[in-house]
Amino acid sequence: MGSIPLQRDTANRSASMSPGWSDPRADGVRVSLPGSLLAPGTARRLVRAAVADWEALGLLDACPGCAAREGGCPPGVPCPERLAEDAALVAGELVTNAVVHAGTEAELLCRYEEPCGDEPAALVVEVSDRHPDRPVHSHPHGSEQSGTPDYGRGLHLVAALAERWGITYRAALKTVWARLPLDGRGARLRTADRGRAASGAPDREQTAGALPAQAREEWDWLARGGAASFLAEASDLLAGQLDEDRAAALAGQLLVPRLADWCAVWLDAEGGAHAPQAGGRTAPPPRLTGVWHRDEAAVEQLREQLAAAAPAAPAPGSGMPLSVPWPGPPGSGAAVAYRLAVGNRGLGVLLVGREGGARLPDEVTSLVEDFTRRVALAVSAAREYTRQATISRVLQRGLLPSKLGRIPGVDTCLVYEPSGDGVVGGDFYDVFPAGSGGRWCFALGDVQGSGPEAAVVTGLARPWLRLLAREGYQVGQVLDRLNGLLLDDAMEAAEAAALYATGGHGAGLADGQPSRFLSLLYGEVVPAPDGSGGVRCTLASAGHPLPLLLRPDGEVSAVGEPQVLLGVVEDVAYGSTTFDLGPGETLLCVTDGVTERRFGARMFDDEDGLAVLLAGCAGLSAGAVAERVRTAVHGFAPTPPGDDLALLVLQPGPAGPTDAHTDGPVGDSAEGPAPE
């Protein structure tokens with residue numbers, strides 16, 4: 001396979017190459033793609049742009065049929081536009097195999113291959129991944145996939161479009177390649193053309209030539225695989241939408257003006273307009289989510305015409321679109337309503353209109369019907385996500401304290417950042433008074449897992465801590481009794497209730513695996529007996545990272561002894577450590593979201609990284625220490641933290657306003673005890 005020939009001097013180049021790409025005359029277009037569902041769509045866009053650039057460089061000749069817009073592309077004549085569509089589909093499928101099926105990042109190479117002997121020039125698409133031991137999926141969907149078939153059609157499509165394709169194995173690298181010749185894609189009959197030729201029906205070019213210009217262009221676009229490309233692009237874009245209104249807006253932008261002159265989307269209320277209503281009540285009417293028109297000036301007028309009510313639409317499950325009256329002067333065009341539904345559950349109505357015809361072409365009707373199913377799946381997924389996020393936010397408001405108590409004479413600062421979308425996680429905290437004598441207690445815990453199972457443990461552990469502390473139990477005794485409560489059978493019933501309340505959407509655990517492990521740092525502080533202004537602190541760690549004590553001279557030491565997690569072993573006796581925390585000294589307590597923050601094989605606390613960082617914080621306030629640690633954790637890796645992050649800083653000294661940084665439901669420190 002040769003390099004790209006230099007057919008035209010660079011001074012005659014009529015279009016600049018896209019930034020960051022290789023020179024196509026040397027090594028082709030090469031780009032690394034991340035392992036996400038957006039990678040196939042990115043690959044298709046890059047390949048289309050590369051073919052357009054190569055045409056501008058003179059490597060590919062323009063198609064006379066496309067230039068004249070008459071009768072489509074003649075057979076046997078190279079067509080860059082058709083080549084771009086074919087190459088984009090091939091690139092999208094190969095990247096899908098690497099990203100979705102192999103689960104790895106991919107490297108895309110699109111290059112020009114010179115003619116050699118009897119072999120014509122060709123465009124070669126290569127996609128490499130780093131997992132050569134994983135099989136290439138030549139079936140439309142892997143058997144392990146349980147989702148909808150929207151993310152790749154397997155290598156059957158690649159085999160249909162390419163002259164030949166294959167797989168090359170190298171050390172730690174697998175490359176799947178496809179070769180598309182440049183000797184005129186129309187010369188080789190596609191499957192549909194062979195069927196028409198056998199039946200004596202007119203071929204694509206003859207049929208297209210008898211149509212009006214707009215219909216002829218649309219026919220040619222569909223014949224070149226435009227429908228498959230459109231659906232693949234739509235699937236990639238809709239898959240990332242977690243808001244139903246944004247999914248509806250994206251649907252309108254994809255349809256107009258490609259397939260329709262205008263469209264509108266109505267969404268049913270949660271539960272669906274067809275769902276049974278309690279007490280015989282009528283379901284609320286569908287909500288007009290958006291209106292789109294190829295002429296922006298006509299949007300408001302169309303909205304007024306459609307605002308009265310949603311059009312009649314097929315019942316969920318019928319699958320057939322329904323023609324509806326044109327919203328305006330009769331005879332101006334055709335309008336068709338599609339039901340947005342998943343199974344037999346209706347979600348809304350999609351209405352599309354095209355001017356200047358009594359009906360929509362069958363090809364367009366069928367394509368929009370396929371597209372509607374993808375929109376409905378995106379809306380359904382967005383609603384499920386919203387439902388679960390709402391449940392988590394409600395849980396979070398009840399599981400964590402609304403305000404952080406301020407210990408008299410101690411500057412207290414908290415940082416709490418739940419991972420993901422900011423919903424409740426496994427980390428929890430508390431600072432509260434525990435009776436007379438100026439006794440205050442603090443806790444920083446981390447429940448195993450996430451979701452409802454972790455939430456129910458968090459919701460029970462924090463009140464139990466407060467109750468046991470106020471009953472007068474000492475630090476070690478509190479952990480002893482909390483360990484017994486976690487091992488009690490009543491916890492199983494509480495977890496089952498939480499799973500039932502959330503529809504069973506927890507992360508789930510293997511059979512027989514305990515789900516109530518809890519790491520906890522718990523302590524209490526009382527005024528120092530010598531009246532020096534410091535405090536006497538007693539604490540115990542149960543499977544939790546040990547706190548670090550910073551002296552005024554920068555010396556850092558761990559406090560306490562490692563002990564077993566709570567909820568693992570019965571009849572264990574937990575010990576505690578007592579020490580004085582004087583003015584100018586700082587106690588830093590963190591969860592494993594800080595110490596185990598990862599970047600590749602490295603962790604943040606490798607080689608005592610946290611202690612080294614804390615040593616440089618001598619003389620800083622509690623808030624400044626907390627902010628420096630938080631900033632260092634975020635800056636340790638280029639990606640956001642994948643675990644909850646919580647840290648608590650205690651610093652005896654003059655009591656003053658705290659500058660705590662919180663991203664959770666907790667506000668800054670409150671004056672006086674936290675509300676019960």
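A few words on the sheet that holds strand β5 (residues 173-181). Reading across the sheet, the five strands line up as β1-β2-β3-β5-β4 and stay open at both edges, with antiparallel pairing between neighbours. Where the open sheet ends on each side, the last strands, each with one partner, are β1 (29-33) and β4 (164-170). On average, each strand axis in the sheet is tilted by 15 degrees relative to the strand beside it, whichever way the strands run. Relative to β5, β4 is paired through seven bridges, and the arrangement is antiparallel. The partner of G166 across the bridge, within β5, is W177. Strands β1, β2 (106-113) and β3 (122-129) of the sheet are contacted by helix α1 (residues 39-57), whose axis makes an angle of about 165 degrees with β1.

Moving on, we get to the nonpolar core. Most often, soluble globular proteins keep nonpolar side chains buried together rather than apart. Grouped together as the largest cluster of nonpolar side chains are 50 residues, with contacts concentrated most on F442, L520, Y522, L566 and L587. Take this core: its biggest share by element is seven residues, from helix α12 (residues 451-470). V31, L94, Y112 and L161 belong to the second-largest nonpolar core, a separate cluster that totals 39 residues.

With that settled, the discussion passes to the environment of L479. In this structure, L479 sits in helix α13 (residues 475-486). Sequence spacing of L479 and A542 is 63 residues, and the spatial spacing of their C-alpha atoms is 7.9 Å. Setting aside chain neighbours within four positions, we find L479 in contact with L520, Y522, A540, A542, L566 and Y574.

Turning our eyes to something else, we now look at unusual backbone geometry. Where the residue is not glycine, phi is negative for most of them; where a peptide bond is considered, it is trans in most cases. Here V256 and P257 are connected by a cis peptide whose omega angle stands at 5 degrees. The topology assignment puts P257 in the loop between α9 (244-255) and β6 (262-267). Of note, E607 is a non-glycine position whose phi angle comes to about 55 degrees, a positive value. By the secondary structure assignment, E607 is in the loop between β21 (602-603) and α16 (609-615). Unusually for a residue other than glycine, D608 sits at a positive phi of about 55 degrees. Within the secondary structure, D608 is located in the loop between β21 and α16.

All right, on to the pattern of salt bridges then. With the rule as written, the count across this model stands at 28 salt bridges. With a shortest N-O distance of 4.0 Å, E369 and R373 are connected by a salt bridge. Placement of both E369 and R373 in helix α11 (residues 362-399) is noted, with a separation of four residues, approximately one turn of the helix. Given a relative accessible area of 43%, R373 falls into the partly exposed group. Each of R44, R45, R48, E85, E233 and D236 takes part in one network of salt bridges that share partners.

Quick notes on the rules
Residues numbered from 1 in each chain as written. Predicted model: local features only at pLDDT ≥ 70, side-chain atom pairs only at ≥ 80, totals over all residues. Heavy atoms only, no water. Pairing = 2+ DSSP bridges. Helix = DSSP H or I, 4+ residues; strand = E, 2+ residues; numbered from the N terminus. Axes fitted to C-alpha atoms, helices over the stretch in contact; angles between N-to-C directions. Contact = heavy atoms within 4.5 Å. Core = buried A, V, L, I, M, F, W, Y, C linked by side-chain atoms within 4.5 Å. Buried < 20%, exposed > 50% of the residue type's maximum accessible area, 1.4 Å probe, protein only. Salt bridge = Lys/Arg side-chain N within 4 Å of Asp/Glu carboxyl O.

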